[in-house]
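Working through the structure, step by step
The primary structure of each chain is shown beneath.
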Amino acid sequence: MRRLVRSLTVLLVLVFTSLAVIEVSRLHTSSPLARTDAEIVADALPRLAFQRAALDGGSAVRMQQLFPEGWFFSYTLYGLTWLDVGARSAQLKDRALAEARWALSHVDSDEGRAVFDPSLEPAYGVFYRGWATWLRGGVVALAGPGAPERERLAADAEALAGAFRRQLGATGSPFLTAYPGQAWPCDSAVGIAAVRLAGTLTGTDRAGLVRDWLAAADTRRDPATGLLPHTVDPSTGQPTSGARATSQVMVLRFLREVDPAIGARDWAVFRERFASTVPGAPGVREHPQGVDLAGDVDSGPLIRGLSTSASAVALGGAVVYGDRAAAAALTGLAEAAGLAVQWDGERRYLGGALPVGDAFLAWSLAARPWTGGDVTAATGPSWTWRLPWYAGLTALLAPAWLLALVAAGIAPFGRARQPRHGVGPGHGSTPSGPDDAAPRPAGESADRKAGAGAPRPPVREPDPGR
């Protein structure tokens, strides 16, 4: 039984060590900026396989129960990621278009519009219309000029553009409502990016509208950070809350498509003000440094002020802004903390408990700019963010290995087994003689017992001549 316990102890320590080695290797996972297109595609395919299986199994309905746009994002991000894959791989272009169109058909259904209000301008609000138009624009961009979605894209983009023009003319605000009486600048950032993309694809000049939108947005920034605010008054567009990571990462991802220079400037400010202060966790804070508030329905649960959802989306921002240091850190953190498992051609995080979270991460890892020029940013952090992981894993492994050495009886940590003597021929024992088999008198001396079988020294007789 003792031998079994010792063997199991050593085995468990070896397993634990293997898991620690895997975690360390994941900390050093290459970011998309350090990969080729082929490597990015190969990484994306098992993620997309899991998402498709999850969607077929009803995951979008389950995600809708967690937050208001869970159903919508589950399909939209799946389609957008496939479009990025198709743009990187000519061999997968047709499949990517088929999967993206399948996702678009769900977004463009009654179920896809169910939680949005048709009375808003544009119809169903800027959140729905902006994301749906962006996805449709991506399909047209990948399919080419003959895409059957082209006519619908032009109509939806014109509806969005008209709503922006009327709002700017009536109130001066660049921000449209997503739900009755509620407006988030991040939703309008998606909308104006979709308008710009559609104009590029259909040959419609909307440069003036884009300039007016950017100018109006600049007058309604959060005074504390200089970034676009989280929420605004739906009538005036004036901030009603400061900048927050949950919305800012979306603003930045799409501001890159509207004006790369402004986006890069805001990205640098965001990274400075919202960077994690938690050792070993280079994620994104929900609130600026110095502001500590609880999570809510927008952010979800916070871990020491960090937002896991914002950190996943920020990875995509780091990629499109060419921020190599931030992309490497956010990729390593996601891989190490997400406990990813891959089998049967599917890759999932946290056991697949939150498929929409996998969808956001896959969208970020496959990210690429769709419009605009090239920009490069460098905001950190340095490689030293991994040091707390090294220290923590070492602190756990050291006592585990000490226990294994003791259990294995390896000197000087454990008592080595001593050989047994006198057990028979071939084991180093002294052959017994006839005297050893005979019983010894009770008064025999101790040294006689100790030296059984040894020759007795000769007795010297007295010398008579002395």
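You'll find the structure just up there.
All of these numbers come straight from a predicted model, not from anything done at the bench.

Okay, the overall build of the chain next. Of regular secondary structure, the chain possesses 18 helices and six strands. Burial status across the chain gives 49% buried among its 466 residues. Contacts spanning at least 24 positions in sequence make up 69% of the contacts within the chain whose residues lie at least 6 apart. In the form shown here, the chain has an accessible surface area of approximately 22,500 Å², with 59% of it arising from carbon and sulfur atoms.

Another point: the packing of helix α13 (residues 308–320) against helix α14 (residues 324–337). Helix-helix packing: each pair is described by the crossing angle between the helix axes and the interaxial distance. At their nearest, the axes of α13 and α14 sit 9 Å apart, and the two run at 150 degrees to each other. Considering how the two elements wind past one another, α13 and α14 form a crossing that is left-handed. Residues Ser311, Ala314, Leu315 and Ala318 of α13 form the contact with α14, whose own contacting residues are Ala326, Ala327, Leu330 and Thr331. Residue classes in the contact of α13 with α14 are distributed as six nonpolar, two polar and no charged.

Let us look at the side chain of serine 59. Checked against the element boundaries, serine 59 lands in helix α3 (residues 59–64). Ignoring any residue separated from it by four or fewer positions in sequence, one finds serine 59 in contact with Ala54 and Pro355.

Along the polypeptide, leucine 339 turns up in the loop between α14 and β5 (341–343). A relative accessible area of 48% places leucine 339 in the partly exposed class. Sequence spacing of leucine 339 and glutamate 23 is 316 residues, and the spatial spacing of their C-alpha atoms is 8.4 Å. In this view, leucine 339 contacts Glu23, Arg26, Arg348 and Leu350; residues no more than four positions away in its chain are not counted.

What follows concerns the pattern of salt bridges. This model, assessed by the stated rule, comprises 27 salt bridges. A salt bridge links aspartate 108 to arginine 136; its shortest N-O distance comes to 3.6 Å. Placement of aspartate 108 in the loop between α5 (93–107) and α6 (110–113) and of arginine 136 in helix α7 (residues 125–143) is noted, with a sequence separation of 28 residues between them. Arginine 136 gets classed as buried once you look at its relative accessible area, which sits at 5%.

Glancing now at the packing of helix α9 (residues 185–202) against helix α11 (residues 245–258). Axis separation between α9 and α11 bottoms out at 8 Å; the angle between their running directions is 20 degrees. Judged by the inter-axis angle, α9 sits roughly parallel to α11. Viewed along their axes, α9 and α11 form a crossing whose handedness is left-handed. Packed against α9, whose contacting residues are Pro185, Cys186, Ala189, Val190, Ile192, Ala193 and Arg196, the element α11 presents Ser247, Met250, Val251, Phe254, Glu257 and Val258 at the interface. Looking at side-chain class alone, the contact of α9 with α11 contains 10 nonpolar, one polar and two charged residues.

A few words now on the packing of aromatic side chains. Tallied over the entire structure, the rule returns 26 aromatic pairs. Measuring from ring centre to ring centre gives 5.5 Å for phenylalanine 73 and phenylalanine 127, while their planes differ by 85 degrees; the resulting arrangement is edge-to-face. Of this pair, phenylalanine 73 sits in helix α4 (residues 70–88) while phenylalanine 127 sits in helix α7, placing them 54 residues apart in sequence. Judged by relative accessible area, which is 6%, phenylalanine 73 ranks as buried. Since its relative accessible area comes to 4%, phenylalanine 127 is described here as buried.

Quick look at the nonpolar core now. Nonpolar side chains in soluble globular proteins tend to end up buried together. In this structure, Leu80, Trp131, Phe164, Phe270 and Trp363 are the most contacted members of the largest nonpolar core, which totals 100 residues. Of all the elements, α4 adds the most residues to this core, at 10 residues. Apart from the residues within four sequence positions on either side, leucine 80 is in contact with Trp131, Trp134, Leu135, Trp363 and Trp370. Judged by nonpolar contacts, the second largest core, of five residues, contains Val140, Leu153, Ala157 and Ala198.

Reading the values: the criteria
- Note on numbering: residues in each chain are counted from 1, in written sequence order.
- pLDDT decides what is reported in this predicted model: residues at 70 or higher carry local features, side-chain atom pairs at 80 or more are listed and counted, and totals for whole chains, interfaces and linings draw on all residues regardless.
- To obtain the side-chain values, all non-hydrogen atoms of the structure were used and water was disregarded.
- Under the DSSP-based scheme used, a helix requires at least four consecutive residues in state H or I and a strand at least two consecutive residues in state E, with every element numbered from the N terminus.
- For every residue, the accessible area obtained with a 1.4 Å probe (protein chains only) is divided by the maximum for its type, and the residue is called buried under 20%, exposed over 50%, and partly exposed between those limits.
- Should any heavy atoms of two residues lie within 4.5 Å, those residues are considered in contact.
- The protein chains shown are the only cover counted for residues, whose accessible areas, like all others here, come from Shrake-Rupley with a 1.4 Å probe.
- What counts as an axis is a line fitted to C-alpha atoms, over the stretch in contact for a helix, and the angles between N-to-C directions run from 0 to 180 degrees.
- Put simply, a crossing is left-handed when the front helix is turned counterclockwise from the back one by less than a right angle, and right-handed when it is turned clockwise.
- In this classification, the charged set is Asp, Glu, Lys and Arg, the nonpolar set is Ala, Val, Leu, Ile, Met, Phe, Trp, Tyr, Cys and Pro, and all remaining amino acids, among them Gly, are polar.
- Salt bridge criterion: a side-chain nitrogen from Lys or Arg within 4 Å of a carboxyl oxygen from Asp or Glu.
- In these notes the angle categories are as follows: under 35 degrees is roughly parallel, over 145 is roughly antiparallel, 65 to 115 is roughly perpendicular, and the rest is oblique.
- Planes of paired rings set the category: under 30 degrees apart is stacked, over 60 is edge-to-face and the rest tilted, where pairs are Phe, Tyr or Trp rings (Trp by its six-membered ring) whose centres lie within 6.5 Å.
- Here, nonpolar core refers to any group of buried Ala, Val, Leu, Ile, Met, Phe, Trp, Tyr and Cys residues whose side-chain atoms link them within 4.5 Å.

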